Amino acid sequence: MRSSRVLRALAVFAAAGALVLTACSPSGTPSGTPSPSAPAASTCVADPARAASATPGARTMSALPAATAAKLDAAAKRAFALGASPGAIVGVRTPQGTWITAYGSADPAAGTPMRIGMHTRIGSLTKMYTTTIVLQLAEEGKLKLDDTIGQYVPGIPNGDTITLRQLADMTSGVASYTMNERLVDAYLADPSVVYTPDQLIAAAVPLSPLFEPGTGFSYSNTNTVLLGEVIEKVTALSFGRELQLRIIDPLHLKNTSWPDGSTAIPAPYAHGYTLNGPDATPTAPTDSTSWNPAWSFTAGEIISDIDDLLTMGRALGTGQGLVDAQSQQMRLTSFSKIGYGFGMSCSNGWVGHTGDISGYNSSLYYDTATDTTVAVQTNSDIASGGCKNSPTLADDPGDAICQTPAVRLLVALSGELGTAYAPPPRS
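The protein appears in an unreviewed UniProt entry as Serine hydrolase domain-containing protein from Microbacterium capsulatum.

Of the voids in this model, the second largest pocket is the one considered here, and its volume is about 240 Å³. The wall of the second largest pocket is formed by 13 residues, among which Pro-56, Thr-311, Arg-314, Ala-315 and Gln-320 lie closest to the centre. With five residues, helix 10 (residues 306-318) is the largest single contributor of residues to the lining of the second largest pocket. Of the residues contributing to the lining of the second largest pocket, the split by class is five nonpolar, six polar and two charged.

Attention shifts here to the nonpolar core. If you look at the biggest cluster of nonpolar residues, it comprises 72 residues, and the most contacted ones within it are Tyr-129, Ile-149 and Ile-247. Within the residue set of this core, elements represented by two or more residues are helix 4 (126-139), helix 5 (164-168), helix 6 (181-189), helix 7 (197-204), helix 8 (221-235), helix 9 (239-248), helix 10 and strand 10 (360-367). Ignoring any residue separated from it by four or fewer positions in sequence, one finds Ile-149 in contact with Ile-156, Gly-159, Ile-162, Leu-164, Leu-167, Leu-226 and Val-230.

Under the counting rule described, the total for this entry stands at twelve aromatic pairs. A centroid spacing of 4.1 Å and a plane angle of 25° characterise the contact between Tyr-187 and Trp-295, whose relative ring orientation is stacked. Highlighted residues: Tyr-187 in helix 6 and Trp-295 in the loop between strand 6 (286-287) and strand 7 (303-304), separated in sequence by 108 residues. The exposure classification of Tyr-187 matches that of Trp-295, with both residues buried. Seen in terms of ring centroids, Tyr-219 and Tyr-340 are 5.9 Å apart; in terms of plane orientation they differ by 85°. Their pairing is edge-to-face. Taken together, the residues span a long stretch of sequence, with Tyr-219 in the loop between helix 7 and helix 8 and Tyr-340 in the loop between helix 11 (325-332) and strand 8 (345-347) at a distance of 121 residues. We note that Tyr-219, like Tyr-340, is buried. Cluster of aromatic residues (ring-pair linked, three or more members): Tyr-177, Tyr-187, Tyr-195, Trp-291 and Trp-295.

Looking now at the packing of helix 10 against helix 11. Direction vectors running N to C along helix 10 and helix 11 enclose 90°, while the axes themselves pass 8 Å from each other. It follows that helix 10 is roughly perpendicular to helix 11 by the angle criterion. Residues Leu-316, Gly-317 and Thr-318 of helix 10 form the contact with helix 11, whose own contacting residues are Gln-328, Arg-331 and Leu-332. Split by residue class, the contact of helix 10 with helix 11 holds two nonpolar, three polar and one charged.

Strand order in the open sheet formed by seven strands is 3-2-1-11-10-9-8, with antiparallel pairing between adjacent strands. The open sheet has two edge strands with one neighbour each: strand 3 (112-113) and strand 8. Together, strand 1 (87-94) and strand 2 (97-107) form the strand contacts of helix 3 (residues 66-82), whose direction differs from that of strand 2 by roughly 25°.

About the thresholds
Sequence order as written defines residue numbering, which begins from 1 separately in each chain. Totals for whole chains, interfaces and linings use every residue, but because this is a predicted model, local features are given only for residues with pLDDT of at least 70 and side-chain atom pairs only at 80 or more, for both listing and counting. As a rule here, side-chain values come from all non-hydrogen atoms in the structure, and water together with hydrogens is ignored. The definitions used throughout rest on a 1 Å grid laid over the protein atoms alone, on which a cavity is an enclosed set of points accommodating a 1.4 Å probe that cannot get out and a pocket is an open set flanked by protein within 12 Å on both sides along at least five of seven lines; lining residues are those having an atom within 4 Å of a point. Grid points are joined across faces, edges and corners, and a volume is the space filled by probe spheres set on the points. Here a strand is any run of E in DSSP of at least two residues, a helix any run of H or I of at least four, and the numbering for each starts at the N terminus. Three classes are used: nonpolar for Ala, Val, Leu, Ile, Met, Phe, Trp, Tyr, Cys and Pro, charged for Asp, Glu, Lys and Arg, and polar for all others, with Gly counted as polar. In this text, buried Ala, Val, Leu, Ile, Met, Phe, Trp, Tyr and Cys residues form a nonpolar core when linked through side-chain atoms within 4.5 Å. We call a residue buried when its accessible area falls under 20% of the maximum for its residue type, exposed when it is over 50%, and partly exposed in between, using a 1.4 Å probe and counting protein chains only. The contact criterion used throughout is that any non-hydrogen atoms of two residues lie within 4.5 Å. A pair of aromatic rings is counted whenever rings of Phe, Tyr or Trp (Trp by its six-membered ring) have centres within 6.5 Å, and the orientation is called stacked for planes under 30 degrees apart, edge-to-face for over 60 and tilted otherwise. Interaxial angles span 0 to 180 degrees and are taken between N-to-C directions of axes, which are lines fitted to C-alpha atoms, for helices over the stretch in contact. Every angle not falling under 35 degrees, over 145, or within 65 to 115 is termed oblique; those three ranges are roughly parallel, roughly antiparallel and roughly perpendicular. The rule for pairing is simple: two strands pair if DSSP sees at least two bridges between them.

Structure, rendered in structure tokens:
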């Protein structure tokens, strides 16, 4: 029988990313349950062509006006106080300027304050980087988005009909390997083990398909791991090398890295805290800083800092420096009514992703209406507030709303900037 701790871990891992814990299909069923039909398209981005043609503001790198910064700081402090994270780094970039600040502690045991420029694991934000490389390869004619996964990876149920596009928008029907209890048990028993992509995929195969390709939605880390394998087969290079050549170098991301199976995080870094694992308790979360991120491969392994995230967020929202205008407009019109599209999600015109990996929670969103980017790094993936299913701290500081710390900060900051990002409900 599964322990309650493993059940909690399954819930966290299975939904790590944009749709959090209780992401629902149009029918209101959990994201792990197939929808009766494919989610219809939405118009979350009001003017995709305008977003894809945005140009940098002349004053983007200067400081935001003091009055604006003061409002953002007050909102962030209120949200941070309600979150269950030792520390946070937040950043906002608009055509009028940039505002970045840090709160709390990077390492409570050592008394180290959180500082701007610290590295954290960014979890499922990685999915946006992976799917962007797929788009680049399609532009170069090295693959087609409607190629089937069976052309690249054998042994996937329905592999002769599942397309790369369906893997990217989570309509493939391939189960997430995080639904495999045996694999989760093994991972939590020894988080230092390096799992290969093939091992992760193999753990998902017996649980697949959840539904016929294109007829439902289920957020699945396996989808993006499969796309990572496609990238490596098409290019004959490692994903880390492709990431460097295609995203890190062109965008001049100085503090973004691919750990490639290493547990190390470049200094300076924040320690991460989680309630996952058999030893964590609501009064004593586990320091998961050195847990091996190979568990998530191209679905969640990247490390970054706040300045790089702000640069990447705008590039993802506009396509600038990453993909051409045609590819970007396709991406900005790919969102279903439940808010997920080609490797990213959308809410009230904000496009991006949220990332959970044990010990860290991040949010990165771009507002297509105002050319504004918001990035949040926190060193805890622990929810707070009125949570019935998500594990919380014993002295839960939250309010009636159940949210993870980075999402709570994203909502607060976006609200001060005009139209608030509206996350899916979490319980």
